Structure formats: structure tokens, C-alpha cells
Amino acid sequence: MEHIIVYGSQYGSTRRYGEKLSEETGIPAVGYRDAPDLSGMKTIVYLGGLYAGGVLGLTKTLRNLSLRGGQKLILVTVGLADPDEPENRHNIRTSLQRQLPAELLDRAKIFHLRGGINYQKLSFGHRTVMKLLYQSLRRTPFEKQTAENRALIETYGKQVDFTDFSALEPILKEIREKQRETI
């Protein structure tokens, strides 16, 4: 196995993206808890759901990885907030910087996708955290709210799904480019 797709998914959006990438490329996709040793892989695609300022499973999966010549790391974050908003992209980048060494982050190709949320399926702990966050954000004056905060307020308690498989195209292009190099 030369290429692998690894995903960290709590509620399913990230897993669905990973499985779709696998289907389109023929590269196996596995949950981060089942990931094999990545040191010999030519292409590592890591998709991680954004939860509480971090990318699920990212640190655990890439902890001891150092990229060698010819290896490619593609990082894909999946979150509720719109990654087209500059502020959201900045927050995601800051989160990635806290979780990965600079030399790994600098060599990674980074993409951002939108996922979804279904409050009915959240664990009790996650529902509680979201409720507290929502109550806090509602008390914040509108002009001081970020786009991410407003999105959370608008979707609170609902089921929303922003999953868009067409957004995988740039990622597929990047993966296929690496696959062609190894043929």
C-alpha cells in the first residue's frame, strides 16, 4: 500500500468525505484509530472533523511522522463554519499550528470542507457544551459576533448538512497528481 486516506470523524460527515475520496481514487480509507504505520506511505490524506478548536485524531495520527522526500501530506478539515470566510480559515490554521509541528504543517497541502450537525445525535457532553456556547453567544452583541458564531446561532438545535462532494475536486486533483508520479 503506497497511499492511504485516514479520517477522524465523530458524527459521520468526515467519514463520508473519506469514503467518497476512497471510492473515487481506489485508495483505502480507514478511521484514525485503525491507521497503520504511515512512514512508508507516498501519499497520506488526513481528513479531520473540527471539534472544540481541534482536528479530531490529527495529533495522535501524525505525532511521530516526519515527511521524507517524495512523501505528500494532504490535510483536509471538515467543519460546520464556512471555510470561505477569512476569519474561519484563520481560526482553523491557528488550530492546526497548535496540533502539528511547523515543518509538517509547512509541507502539507491544506483543504477545508463543510460538514454538518445533527443535535439529536450529539452525545450528552457535546450537546451540553453546544448549549452553553449558544447561550453565551446569544448574549454577545451582533456586531461583535464572528461569522462562525452567527452560523452556530442560526443552526443551533437543528439538523444541517453542508456536505458537498463536488468540493472534493481540488483534493482529487492533488491525489491523482501524486498517484501519477508513482506509476
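In this report, we go over the structure that sits alongside the text. Position labels on residues start from 1 in each chain and follow its written sequence. Given that this is a predicted model, residues contribute local features only at a pLDDT of at least 70 and side-chain atom pairs are listed and counted only at 80 or more, while totals for whole chains, interfaces and linings are drawn from all residues. As a rule here, side-chain values come from all non-hydrogen atoms in the structure, and water together with hydrogens is ignored.

**Quick word on the nonpolar core**
Looking at soluble globular proteins, one finds that nonpolar side chains tend to be buried together. The nonpolar core is taken to be a set of buried Ala, Val, Leu, Ile, Met, Phe, Trp, Tyr and Cys residues, with the residues joined through side-chain atoms within 4.5 Å. Think of it in three bands: residues with accessible area under 20% of the maximum for their type are buried, residues over 50% are exposed, and the middle band is partly exposed, with areas taken using a 1.4 Å probe on protein chains only. Core analysis: the largest hydrophobic core is formed by 21 residues, its most contacted members being L38, L58, L62, L73 and L75. To qualify as a helix, a DSSP run of H or I must reach at least 4 residues; to qualify as a strand, a run of E must reach at least 2; elements of each kind are numbered from the N terminus. Mapped by element, the contributors of at least two residues to this core are β1 (3-8), β3 (43-51), α2 (58-62), β5 (72-79), α3 (86-99) and α4 (102-107). Among all residues touching L58, those that are not within four sequence positions of it are Y46, L75, L96, Q99 and L100. Within the second largest apolar cluster, 16 residues are counted, among which are V45, V78, F111 and L168. By definition in these notes, contact holds between two residues if any of their heavy atoms fall within 4.5 Å.

**A closer look at the layout of surface pockets**
Every definition here rests on a 1 Å grid over the protein atoms only: cavities are sets of points where a 1.4 Å probe fits but cannot get out, pockets are open sets enclosed by protein on both sides within 12 Å along at least five of seven lines, and lining residues have some atom within 4 Å of a point. Grid points are joined across faces, edges and corners, and a volume is the space filled by probe spheres set on the points. Of the voids in this model, the largest pocket is the one considered here, and its volume is about 1100 Å³. Considering the residues around the largest pocket, the lining is formed by 40 residues, among which L50, Y51, L80, I117 and M130 are closest to the centre. Elements that contribute at least two residues to the lining of the largest pocket include exactly α1 (13-25), β3, β5, α3, β7 (116-118), α5 (124-138), α6 (147-155) and β8 (159-161). Here the lining of the largest pocket takes six residues from α3, the largest share from any one element. Residues were grouped as follows: Ala, Val, Leu, Ile, Met, Phe, Trp, Tyr, Cys and Pro as nonpolar; Asp, Glu, Lys and Arg as charged; and all remaining residues, including Gly, as polar. For the lining of the largest pocket, the class distribution of residues is 17 nonpolar, 18 polar and five charged. Considering only enclosed or pocket space, the second largest pocket measures out at about 180 Å³ in volume. If you go around the second largest pocket, you meet 13 residues; those closest to its centre are P36, L38, K60, T61 and L62. A breakdown of the residues in the lining of the second largest pocket according to their chemical character gives six nonpolar, three polar and four charged.

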